[in-house]
Amino acid sequence: MGVLARIAVCIVGLIVSAAAGFALGYYLRNRFVGQRIAEREEEAERVLEEAKARARELELDAKDEAIRLKQEVEEDNKRRVRELNREESRLQHRRESLDHRMDSLEKRERHLREREEKAKAREIELDEAWDEHVQELERIAGLSREEARQMLLDEVQEETKADAARIVREMESRAHAEAERRAREIITTAIQRVASDQVAETTVSSIDLPNDEMKGRIIGRGGRNIRAFESVTGVDLIVDDTPDTVVLSSFDPVRREIARIALERLVLDGRIHPGRIEEMVEKAKEEVNNVIREAGEEAVMEVGVHGLHPEIVKMLGRLRYRTSYGQNVLQHSIETARLASMMASELGADVDMAKTAGLLHDIGKSVDHEVDGSHAIIGAEIAERYHVPDEIVNAIAAHHDEREQSTLEAVLVQAADAISGARPGARRESLEHYIRRIKALEHVATSFQGVDDAYAINAGREVRIMVIPEKVDDVAAINISRDIAKKVEETIQYPGQIKVTVIRETRAVRYAR
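Along each chain, the written sequence defines residue order, and numbers are assigned to residues from 1. Reporting in this predicted model follows two pLDDT cut-offs: at least 70 for local features of residues, and 80 or more for side-chain atom pairs to be given and counted; totals over whole chains, interfaces and linings ignore these cut-offs and use all residues. For side-chain calculations, the full set of non-hydrogen atoms in the structure is used, while hydrogens and water are omitted.

(A) Quick look at the overall build of the protein chain. Here a helix means four or more residues in a row that DSSP labels H or I, a strand means two or more in a row labelled E, and each is numbered from the N terminus. Counting its regular elements, the protein chain contains 14 helices and eight strands. Looking at the protein chain as a whole, 30% of its 513 residues are labelled buried. Here the analysis covers contacts within the protein chain between residues at least 6 apart in sequence; of these, 62% occur between residues at least 24 apart. Note on areas: Shrake-Rupley with a 1.4 Å probe; residue coverage comes only from the protein chains shown. Carbon and sulfur atoms make up 52% of the accessible area of the protein chain, which totals about 34600 Å². Only protein chains enter the area calculation, which uses a 1.4 Å probe; residues under 20% of their type maximum are buried, those over 50% are exposed, and those in between are partly exposed. In this description, contact between two residues means that some pair of their heavy atoms is separated by no more than 4.5 Å.

Below is the structure:
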């Protein structure tokens, strides 16, 4: 029992202690909370007082700022008012100045009107005085105004004409000298790099026979063989008294070449009859056509021209059998192409165009005996048919001035053609053609009014014209030389150039008795 009692006493003690501790804790907690509340309240009052003080300070600052802004606005308004007043004063001054100027202008305008009226009146007076003066001069001189004006114009025209002729003469002399120097340089450079062989022009071919008996076999019974040969070839076969020789004659060199080859083979074969003649002629045609094609291809390759139509190349090869005044036309075409290309290179022109145009410029001669017309125009039509460029077509057509030249290359082709044909040894002229050209040259010169006589000298390279001094003065002599040169260019075909010299000579003759 004692133990239980002690435990119970201990438990009761513990309970009482716990209750006392709880009561003490509650008391202490309430006291601490009360102190904290009091402190918070004091802090809140302090913060409130500070906020009120800060608000008063901000209110005072705002009032000061408002006062300052108001003062600034008032100062700005006063400044603008002063500026407006100054601007208004300036505008008022300008208005007054403009008014003053307007008054001055009106006064000046009135003054000018008055002076204009006075000037018109003075002009009328001067016109009347001038008319009276002119009438008096006309009365004294015995000439009307129109007659005097015409006389003065005639005198001025004569003086001007002489001055103009002198200036033209000087300019032409300088231009000719410079052009001749430059042209000689270019042409000499081109010529010295070109050389080609020449052949004699001919329209007949001679065939050597082994004996005169062969002539009879060529003629045949009743002349049937020679008739068959001439019919098939289109060439005249001349059998005369020349020993061991017969002659083939034809204006067409290709036909003549075919006939020559066929007849030589017939003579070697010995079997001559119409059937054999036709067979040999056909073989000769094939051989000549092959030679023509190869000649055209060789010429194109030699010059360096590409892209030509095969038919044009073939026509070019036909020129191998054509000659002009002793000059082979194919070689002349090759030479012209080289000369034109060299001059084009010197002058900065189109070298390929000049080369092609030079090679094709005489292409019309391959068919000109078959087609009517100038070989230049025929050649241009052929080139145009095979789609050759228009510039080259123009150069072909214009190389004898039958059309106007449109490019520098066309001029170079014409010059190269003249150089190739006119250089020493290039061509031979027949006497008949030479005499006909000389007569035509003298006839052109004597067809002009005021010309007394004309003489072609220096193998037709110069024509000297004697004019009547009473009808032709120095100025007219210059014009006549220019007109004659122009007409010679238009009407006569000639290689190179022709010098036209007009001579005006006055002779005074008296006899001492």
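(B) Examining empty space enclosed by the protein more closely. Only protein atoms enter the 1 Å grid used here, on which a cavity is any set of points holding a 1.4 Å probe that cannot leave and a pocket is any open set flanked by protein within 12 Å on both sides along at least five of seven lines; residues with an atom within 4 Å of a point are listed as lining. Grid points are joined across faces, edges and corners, and a volume is the space filled by probe spheres set on the points. Counted under the stated rule, the structure contains one cavity of 30 Å³ or more. Within this model, the largest cavity holds a volume of roughly 40 Å³. If you go around the largest cavity, the residues you meet are Ile218, Asn225, Ile226, Phe229, Leu237, Leu263, Leu266, Ile272 and Ile277. When contributions to the lining of the largest cavity are tallied by element, the ones reaching two or more residues are helix 4 (224-233) and helix 5 (253-269). Here the element with the most residues in the lining of the largest cavity is helix 4; it accounts for three residues. For the lining of the largest cavity, the residue count by class is eight nonpolar, one polar and no charged. The nonpolar class holds Ala, Val, Leu, Ile, Met, Phe, Trp, Tyr, Cys and Pro. Asp, Glu, Lys and Arg form the charged class, and all remaining residues, Gly among them, are polar.

(C) Seen up close, the environment of arginine 318. Note on placement: arginine 318 falls in helix 7 (residues 310-318). As for arginine 318 and arginine 293, which are separated by 25 residues in sequence, their C-alpha atoms are 8.0 Å apart. For arginine 318, the side chain forms a polar contact with the main-chain oxygen of serine 366, separated by 3.3 Å. In the analysis that follows, any N or O atom pair within 3.5 Å is treated as a polar contact, provided that within protein one partner can donate a hydrogen and the other can accept it, and provided that, for residues neighboring in sequence, both atoms belong to side chains.

(D) Broad picture of the pairing of strand 7 (residues 462-467). Sheet topology places strand 6 (residues 451-457) next to strand 7; six bridges connect them, and they run antiparallel. Note that in strand 7 the partner of tyrosine 455 across the bridge is arginine 464. Note on pairing: two strands pair once DSSP finds at least 2 bridges between them.

(E) Region of interest: helix 14 (residues 474-491). A helix is expected to span 1.5 Å multiplied by its residue count minus one. In a regular helix each residue adds 1.5 Å, so 18 residues correspond to 26 Å; helix 14 covers 26 Å between its end C-alpha atoms and thus fits that length. When we look at burial in helix 14, the residues that qualify are Val475, Ala477, Ile478, Ile480, Ser481, Ile484 and Val488.

(F) Up close: the confidence of the model for the protein chain. For every residue, the predictor assigns a confidence score, pLDDT, that lies between 0 and 100. This prediction gives the protein chain a mean pLDDT of 80; 85% of its residues lie at or above 70. Segment residues 196-201: pLDDT under 50, and 22 contacts once partners within four positions in sequence are set aside and those in other chains are kept.

(G) View of helix 6 (residues 274-303). Relative to the 44 Å expected for 30 residues at 1.5 Å per residue, helix 6 spans 43 Å between its end C-alpha atoms, a close match to the ideal helical length. Among the residues of helix 6, those classed as buried are Arg276, Ile277, Met280, Val281, Ala284, Val288, Ile292, Ala295, Gly296, Ala299, Val300 and Val303. Buried residues along helix 6 sit against helix 4, helix 5, helix 7, helix 8 (329-347) and helix 9 (351-360). Glycine 304, located one to two residues past helix 6, shows a positive phi value of around 90°.

(H) Expanded view of the pattern of salt bridges. For salt bridges, the criterion is a side-chain nitrogen of Lys or Arg within 4 Å of an Asp or Glu carboxyl oxygen. Following the criterion strictly, the structure yields 26 salt bridges and no others. When the shortest N-O distance is used, the salt bridge between arginine 46 and glutamate 50 registers 3.2 Å. Of this pair, arginine 46 and glutamate 50 both sit in helix 1 (residues 2-141), four residues apart, roughly one helical turn. In this structure, a network of salt bridges that share partners links the residues Asp269, Arg271, Arg276, Glu279 and Lys283.

(I) Spotlight on a nonpolar patch on the surface. A cluster of nonpolar side chains, contributed by Val3, Leu4, Ile7, Ile11 and Ile15, occupies part of the molecular surface with about 480 Å² of accessible area. Secondary-structure assignment places isoleucine 15 in helix 1. For isoleucine 15, a relative accessible area of 55% gives the class exposed. Two joining distances apply to patches: 9 Å for like charges and 5 Å for nonpolar side chains (Val, Leu, Ile, Met, Phe, Trp, Tyr), and every residue must have over 30% relative accessible area and no salt bridge.

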